[in-house]
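What the coordinates show
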Amino acid sequence: MSRGLLFLACVLLLVNLSHCAGLQTGDMRLAGGKRSHEGRVEVYIAGVWGTVCDDGWDIKEAIVVCRHLNFPSAREAVDGGRYGPGQGPIYLDELNCLGTETDLTKCESSGLGISDCKHAEDAGVVCASDSTKKPVELFVEHSTTISGFLGELFESGRDCDLILSVVVENSTVETICAHKLILSLVPSWSSEANLSIEVSSKCQPHVAHFVRYLYTGRMNITMTSSHCLHKLASEWGLKALQEEVGKLLILLLPEDATFQAQSSLFDYAVSMDDGTLQQSCLRYMAWNCEALVASPAWTGLSVHAIKGLLSRTDLTVPSEYFVIQALEKWEDAQGKALGSGDQFDLLKLIRFPMVSAEDLNRLKDSRYQAGKLEGFQFNALTIGNLFGELMSNWKSYTPRIYTGKPWSYTFTSEEVSVFKKTSVYPKGLNHGELAFTFRTPVHNSAYFALFGDIGWYTRLFVKSDECSYSSTRVCPSAKLSLENGNSALPELYKNAIVYKNKIVIRCDGRYVSHIQDFKHPQEDTTIPPNHGSGQVYPCRSDEYSYTMVIRPKYRTGLNYTEVEEE
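As the structure is a computational prediction, the values presented were derived from the model and not from experiment.

**Re the pairing of strand β15 (residues 477–482)**
Along β15, five of the six residues are buried, which leaves the element largely enclosed by surrounding structure. In terms of strand pairing, strand β14 (residues 453–461) meets β15 through six bridges, oriented antiparallel. By the bridge assignment for β15, Trp-456 is matched with Leu-482. In terms of strand pairing, β15 meets strand β19 (residues 525–526) through two bridges, oriented antiparallel. Looking at β19, one finds that Ala-478 is bridged to Thr-525.

**Section: the sheet that holds strand β13 (residues 434–441)**
Two orientations exist for strands paired in a sheet by backbone hydrogen bonds: parallel and antiparallel. A sheet is described by the order of its strands in space; here four strands give the open sequence β13-β14-β15-β19, paired in antiparallel fashion. With one partner strand each, in any of the chains shown, β13 and β19 form the two edges of the open sheet. Two strands pair when backbone bridges link them, and β13 and β14 are joined in this way by eight bridges, in the antiparallel orientation. Considered in β14, the bridge of Thr-437 is made with Tyr-457.

**Notes on the side chain of His-514**
Residue placement: His-514 occurs in strand β18 (residues 511–517). Exposure remark for His-514: the relative accessible area of 8% places this residue in the buried category. Here Gln-516 takes part through its side chain, which lies 3.1 Å from a polar atom of the side chain of His-514. Excluding anything up to four places from it in sequence, His-514 contacts Trp-287, Ile-503, Val-504, Ile-505, Pro-528, Gly-534, Gln-535 and Val-536.

**Brief notes about the nonpolar core**
With 83 residues, the main nonpolar core has Trp-298, Leu-301, Leu-309, Phe-411, Leu-460, Tyr-546 and Met-548 as its most contacted residues. Those residues in contact with Met-548, other than ones at most four positions away along the chain, are Trp-407, Ser-408, Tyr-409, Phe-411, Thr-458, Leu-460, Ala-478, Leu-480, Lys-502, Ile-503 and Phe-518. With 31 residues, the next largest nonpolar core counts Val-207, Tyr-215, Cys-228 and Leu-229 among its residues.

**Observations concerning unusual backbone geometry**
Backbone torsion omega between Lys-405 and Pro-406 reads 5 degrees, so that peptide bond is classified as cis. As for its position among the elements, Pro-406 is in the loop between β11 (401–402) and β12 (408–411). At Asn-70, a residue that is not glycine, the phi angle is positive and equals roughly 70 degrees. Structurally, the position occupied by Asn-70 is in the loop between α2 (59–68) and β4 (74–78). Positive phi is not limited to glycine here, since Asp-159 has a value of about 55 degrees. Following the sequence through the fold, Asp-159 ends up in the loop between α3 (143–156) and β7 (162–168). For Asp-159, a relative accessible area of 35% gives the class partly exposed.

**Describing the state of the cysteines**
Enumeration according to the criterion identifies six disulfides in this entry. The disulfide partner of Cys-53 is Cys-117, and the gap between their sulfur atoms is 1.9 Å. Across the disulfide from Cys-53 to Cys-117, rotation about the S-S bond amounts to roughly -60 degrees, and the bridge is consequently left-handed. On the criterion of sequence distance, the pair formed by Cys-53 in the loop between β3 (48–52) and α2 and Cys-117 in the loop between β5 (90–92) and β6 (124–127) is long-range, its members being 64 residues apart. Covalent S-S linkage joins Cys-66 and Cys-127, the inter-sulfur distance amounting to 2.0 Å. Looking down the S-S bond of the Cys-66 and Cys-127 bridge, the torsion is -85 degrees, so its handedness is left-handed. Placement of the pair is Cys-66 in helix α2 and Cys-127 in strand β6, with a sequence separation of 61 residues. Of the two residues, Cys-66 and Cys-127, neither departs from the other in class, the shared state being buried.

**As for the packing of helix α6 (residues 223–235) against helix α7 (residues 239–251)**
Orientation of α6 relative to α7, taken along the N-to-C sense of each, is 145 degrees, at an axis distance of 9 Å. In this structure, α6 meets α7 at a crossing whose hand is left-handed. When α6 is examined against α7, the residues Met-223, Ser-226, His-227, Leu-229, His-230, Ala-233 and Ser-234 are found in contact with a partner set consisting of Leu-241, Gln-242, Val-245, Gly-246, Leu-248, Leu-249 and Leu-251. Its residues placed into classes, the contact of α6 with α7 shows eight nonpolar, six polar and no charged.

**A closer look at the confidence of the model for the protein chain**
Here the protein chain shows a mean pLDDT of 82. Residues at 70 or above account for 82%. Overall, residues 3–21 carries pLDDT values under 50, and its contacts beyond four positions in sequence, including any with other chains, amount to 19 contacts. Scored below 50 in pLDDT, residues 557–566 makes 24 contacts in the model with residues more than four places away or belonging to other chains.

**A short note on the pattern of salt bridges**
With the rule as written, the count across this model stands at 22 salt bridges. Note that Lys-106 is salt-bridged to Asp-103, the shortest N-O span being 2.8 Å. Overall, the relative accessible area of 52% leaves Lys-106 in the exposed class. A salt bridge links Glu-320 to Arg-400; its shortest N-O distance comes to 2.9 Å. Taken as a pair, Glu-320 in helix α12 (residues 320–334) and Arg-400 in the loop between α16 (383–392) and β11 lie far apart in primary sequence, 80 residues in all. The class of Glu-320 is buried, set by a relative accessible area of 1%.

**Thoughts on the environment of Asp-103**
Looking at the secondary structure, you find Asp-103 in the loop between β5 and β6. In this structure Asp-103 comes out as buried when scored by relative accessible area, which is 4%. Along the sequence, Asp-103 and Val-43 sit 60 residues apart, while their C-alpha atoms lie 9.2 Å from each other. In this structure, Asp-103 is in contact with Gly-26, Met-28, Val-64 and His-68, ignoring residues within four places of it in sequence. Within polar-contact distance, the side chain of Asp-103 engages the side chain of Lys-106 at 2.8 Å.

**Thoughts on helix α15 (residues 369–380)**
If you check α15, its first and last C-alpha atoms are 16 Å apart, about what twelve residues at 1.5 Å a residue would give, namely 16 Å. Every buried residue belonging to α15 is among Gly-371, Lys-372, Glu-374, Gly-375, Phe-378 and Asn-379, and all of these are buried. Down the axis of α15, the smallest arc covering the buried residues is 160 degrees, so these residues share one side. Of the residues in α15, the exposed ones pointing more than 90 degrees away from the buried face are Ala-370, Leu-373 and Ala-380.

Definitions and cut-offs
Residues numbered from 1 in each chain as written. Predicted model: local features only at pLDDT ≥ 70, side-chain atom pairs only at ≥ 80, totals over all residues. Heavy atoms only, no water. Buried < 20%, exposed > 50% of the residue type's maximum accessible area, 1.4 Å probe, protein only. Helix = DSSP H or I, 4+ residues; strand = E, 2+ residues; numbered from the N terminus. Pairing = 2+ DSSP bridges. Polar contact = N/O pair within 3.5 Å; in protein donor to acceptor, adjacent residues only side chain to side chain. Contact = heavy atoms within 4.5 Å. Core = buried A, V, L, I, M, F, W, Y, C linked by side-chain atoms within 4.5 Å. Disulfide = S-S within 2.5 Å. Axes fitted to C-alpha atoms, helices over the stretch in contact; angles between N-to-C directions. Left-handed = near helix turned anticlockwise from the far one by under 90°. Nonpolar A, V, L, I, M, F, W, Y, C, P; charged D, E, K, R; others polar. pLDDT = per-residue confidence, 0-100. Salt bridge = Lys/Arg side-chain N within 4 Å of Asp/Glu carboxyl O. Expected span 1.5 Å × (residues − 1). Arc of directions from axis to C-beta.

Printed below as a string of structure tokens:
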């Protein structure tokens, strides 16, 4: 064996040894302290170390950290500053631990990666130290140095025993010198002496960067290279790289108002069998369904895409009747190309019980007869009469996110902007509050119209002075709750209905960038920032509209145990 290959084998052995340390998501370490039992708390998530904000940080959180690190307990919870600022993401904020959790990720928090803190607020601990604690373990990671060695080896071309041919339109346009020992670690490796990598002319400049990644595990991915690298990662069976590039592709989704790019990306994800990317595309199109239906791309979507959209409970539309009209528009464009089997399957995905009695009466086509009957029964019968159907076909009785009247109220981006500057909201209840009350039926079923409607109170907190007087509130945040003493629901049915309400956040009035649950009716829900791992889709503006959506559901199960949504 040559000296070069011997060196390479040693390097690979070191790489394998570095993985034996077995770091897992949620592992912690202390940094910046003078002694081993104190320091800034750092948490390991998905291969990257990050820190914890000191908001809500107290002794219970410190106990979780110290016990995880094999100390008997904690002596002090330290606010940010003593051990210096950390680097990387701030993973956790507003922690509320019981003290019994195995690591901080198991504690209640504002959500992984959701934080408005800076590294000057990185939390620390002083753990109790005694001689009976378990031996200290030190994780040594030298992958940076090893990665550098391997990168230099690739670039030097020393001792290469494999030629990779880059082929564009049946012509070899480039050859890359490589090493069989390195490529043998790739899942899709073939033992052939030489390999061809077939790409488009647009992707050819990125192939060498991809091969270098096989050596180092590192690569700079840009918007320009993302499609090419995702395809190469898929073809070579590199799931981790495929997922990371997929995250970057998701950032492109809001860029095309015509929805042609989103439709093409979904079809590409299907061809690559990338389920994660498929679901990301479907979610964006579902959240922005009203704009999608109005776009040229709607009638060009595949049957597979339409079925995926109609299956979703997070389909954000004015009403279920809107979904029926949208489906008719798509079917008309397909003409005779749409088979009767697909037409039948799509019709089954319509949630007829969620269509109002008035809209059901508008449906004249005979193919709607069975669905209309289901819808009229839902509107006329009590939960006791519907119990069997609710249990066997619960999804049909689950509302989507209906943004039309009477189920929602919207604070427009213009209203929010004016309020931030003037503290005035003309529609509001009190000066200095961005708040409103509105009324909805008790339930989607017309049966409950007999008992009147109910009132809701909603408020947005978007100014820092609104949050400064509360130790638990973070701006921006929102509240949505039943008005006190204003429930028209009969006592018999109070335990039969549950409200799964949502806040729909629209970026600059153009597209939905985030949808969030109101988990606790009497508590605020924190609205995530538009950067980092906050909102699902990026927003380049600081202007938002906020739509509060009421979603009543029957509890369906023994003792009214709710069947969860998929």
